[in-house]
Amino acid sequence: MSINQTRRLKPNEIIFLENDVGDCAYLIERGQVLIYLENGNAEIPLNILAKGEVFGEMSLIDGSPRSAACRAIDDVQLLIVTKPQLTDRIIAADPVVRLLMQALLERLRFQNDRLRGKAPVLNIAPADLLATEKKEAVERIGLENRIAQGIDDHEFIPYYQPIYDLQTCEVRGCEALLRWITKDRGVVGPGVFMDIMEDSSLILAAGQGVIEHSAADFESMHNQFGPDFFVSVNVSGRQFMSPGFLDHLKATCERFKLKPSQIKLELTERIMTEGKQVLVTLKECRSLGFQLAIDDFGTGFSSLQYLAQMPITHLKIDRAFVMNLFTDDKSLIIVKSIIHMAHLLGLKLIAEGIETREQLNLLRKLGVSQGQGFLFSKPVPLLEFNQLAHRAAA
Ligand code: C2E
Ligand code: CMP
Ligand code: CA
Ligand code: CA
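Computed from a prediction, not measured in an experiment: that's the story for all the values here.

Caption draft 1: Expanded view of the coordination of the calcium ion (ligand 3). Taken together, the protein donors to the calcium ion (ligand 3) comprise E175 (OE), N234 (OD1), E266 (OE) and D295 (OD), at separations of 2.1 to 2.3 Å. Counting residues between consecutive donors of the calcium ion (ligand 3) along the chain gives the motif E-x58-N-x31-E-x28-D. Under the relative-accessibility criterion, E266 is labelled buried at 1%. For D295, a relative accessible area of 8% gives the class buried.

Set out below in structure tokens:
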């Protein structure tokens, strides 16, 4: 069935019957339809739907047969919503939303059965069919609750990865990278919790925590690494656009006596899709003196139009390109192009994920001024970070 196909029906024409296999849903463009249950020779009307309403979606969502019958009341025109159009979106949805949807469908089918006079079956959905869906959703809610509790209990702290001047190999600054210090699972990285935080408002509390923690830790790092030392903080779109983000950032700087120029905000270009206000806030950050870096540059969402609009100071070359510098010609070409463009635009460059001396030498030769990576150091807790200065001096 092709996308945007329409179906026209005369009054009383059947659109589908109960227990038919659901192959598509419909959006009413014109006329009215009756949703009803077949009960022997009698009919139990459930609803009359009109222009703009959708029906026939339930069997596509839960994979069971049509839960009711449907026929046209007058001249009707329907827009067909194909199965993939619906199911692709459902698969992409949050598992908790999918669970809620399944629960609603179960209840609606249960109500229809009751109206039909069928003995109510308490659990009509085949348990094992939904088991994985439910397990995933339940696990996610459980993890979300543990994360929320962990934030309250101050279990989330930033580790710091040093950022080096690639010519002199001196530490210039660091990137704050969030870690969850758990009692049972040890130190847990962002791969486990960041998506869940970003999909919920938890990122707001966690993000504020990272900024406050980094600002509090700054003085000791600053004392070790000198006056130009900076700390880079990752900021997600939702956090950046939340009311009060900039006020909190300014207040934290004042409280811990940091100059805005000592803080760099790392944002991905995706932030530009959050609305027009983003640019206003970015400009305000810049005019206050905060440094702004585009993170993961060159991956997924790069748009040169955004690059031209955003008042940024730095570009971060993503780890994926650095990793492939010697194995994939295209990565080398892309890195060279990013460097060339950054120089022309007057932007400073930071390479991420430097793991080998060969990568370091090549990036140096290509004119990248700063970098970070496991060759130098992994992200480490504050105390260990401050000892890097002694090691460098030794
Ligand atoms: P990112 O901002 O791109 O951070 C760089 C990631 O690369 C970090 O992973 C870092 O540990 C890792 N990395 C650095 N050098 C190397 C290397 O040489 N080899 C390898 N294999 N990896 C290297 P991490 O700490 O797991 O963080 C993952 C992502 O989580 C970050 O990617 C960032 O997007 C997000 N994240 C971390 N902390 C925060 C935070 O406080 N706020 C927000 N919004 N996101 C955060
Ligand atoms: P589906 O089960 O695919 O086919 C029948 C459709 O009727 C169903 O999707 C819903 O769109 C709709 N439907 C089922 N039960 C009700 C109800 N109780 N009230 C309104 N609409 C319903
Ligand atoms: Ca980053
Ligand atoms: Ca990256």
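Caption draft 2: Local environment of the layout of surface pockets. One number sums up the size of the largest pocket: a volume of about 1,200 Å³. Around the largest pocket sit 39 residues that line it, and L177, M194, N234, D295 and D296 are the ones nearest its centre. Broken down by class, the residue content of the lining of the largest pocket amounts to 14 nonpolar, eleven polar and 14 charged.

Caption draft 3: Seen up close, the site of ligand 1. If you check the shell around ligand 1, you find 21 residues, and the closest are R179, D295, R319, E355 and F374. Within the side chain of E175, one N or O atom sits 3.2 Å away from an oxygen atom of ligand 1. At 3.2 Å from an oxygen atom of ligand 1 is found a side-chain nitrogen or oxygen belonging to D296. Taking 800 Å² as the accessible area of ligand 1 by itself, protein coverage stands at 82%. In a pocket analysis with a 2 Å cut-off to the grid points, ligand 1 is assigned to the largest pocket. Elements with a minimum of two residues in the shell around ligand 1: β10 (171-182), α5 (190-199) and β14 (291-297). Here the residues of the shell around ligand 1 sort into eight nonpolar, five polar and eight charged.

Caption draft 4: Inspection of the sheet that holds strand β4 (residues 33-39) at higher detail. Read from one edge to the other, the open sheet built from four strands follows the order β2-β7-β4-β5, with strand pairing classed as antiparallel. With partners counted over all chains shown, the strands left at the sheet margins are β2 (14-16) and β5 (42-49), one partner each. Looking at each pair of strands side by side, their axes are set apart by 35° on average, direction ignored. For β4 and β5, the ladder comprises seven bridges, and the chain directions are antiparallel. If you follow N39 over to β5, its bridge partner there is A42.

Parameters and conventions
- Residues numbered from 1 in each chain as written.
- Chains lettered and ligands numbered in written order.
- Predicted model: local features only at pLDDT ≥ 70, side-chain atom pairs only at ≥ 80, totals over all residues.
- Heavy atoms only, no water.
- Donors = N, O, S within 2.8 Å, 3.2 Å for Na, K, Ca; no water.
- Buried < 20%, exposed > 50% of the residue type's maximum accessible area, 1.4 Å probe, protein only.
- 1 Å grid on protein atoms, 1.4 Å probe; cavity = no way out; pocket = protein on both sides within 12 Å on 5 of 7 lines; lining within 4 Å.
- Points joined across faces, edges and corners; volume = space filled by probe spheres on them.
- Nonpolar A, V, L, I, M, F, W, Y, C, P; charged D, E, K, R; others polar.
- Near = heavy atom within 4 Å.
- Polar contact = N/O pair within 3.5 Å; in protein donor to acceptor, adjacent residues only side chain to side chain.
- Areas by Shrake-Rupley, 256 points an atom, 1.4 Å probe, with all protein chains shown as cover.
- Sits in = over half its atoms within 2 Å of the grid points.
- Helix = DSSP H or I, 4+ residues; strand = E, 2+ residues; numbered from the N terminus.
- Pairing = 2+ DSSP bridges.
- Axes fitted to C-alpha atoms, helices over the stretch in contact; angles between N-to-C directions.

Any functional reading would require information beyond the geometric quantities listed.
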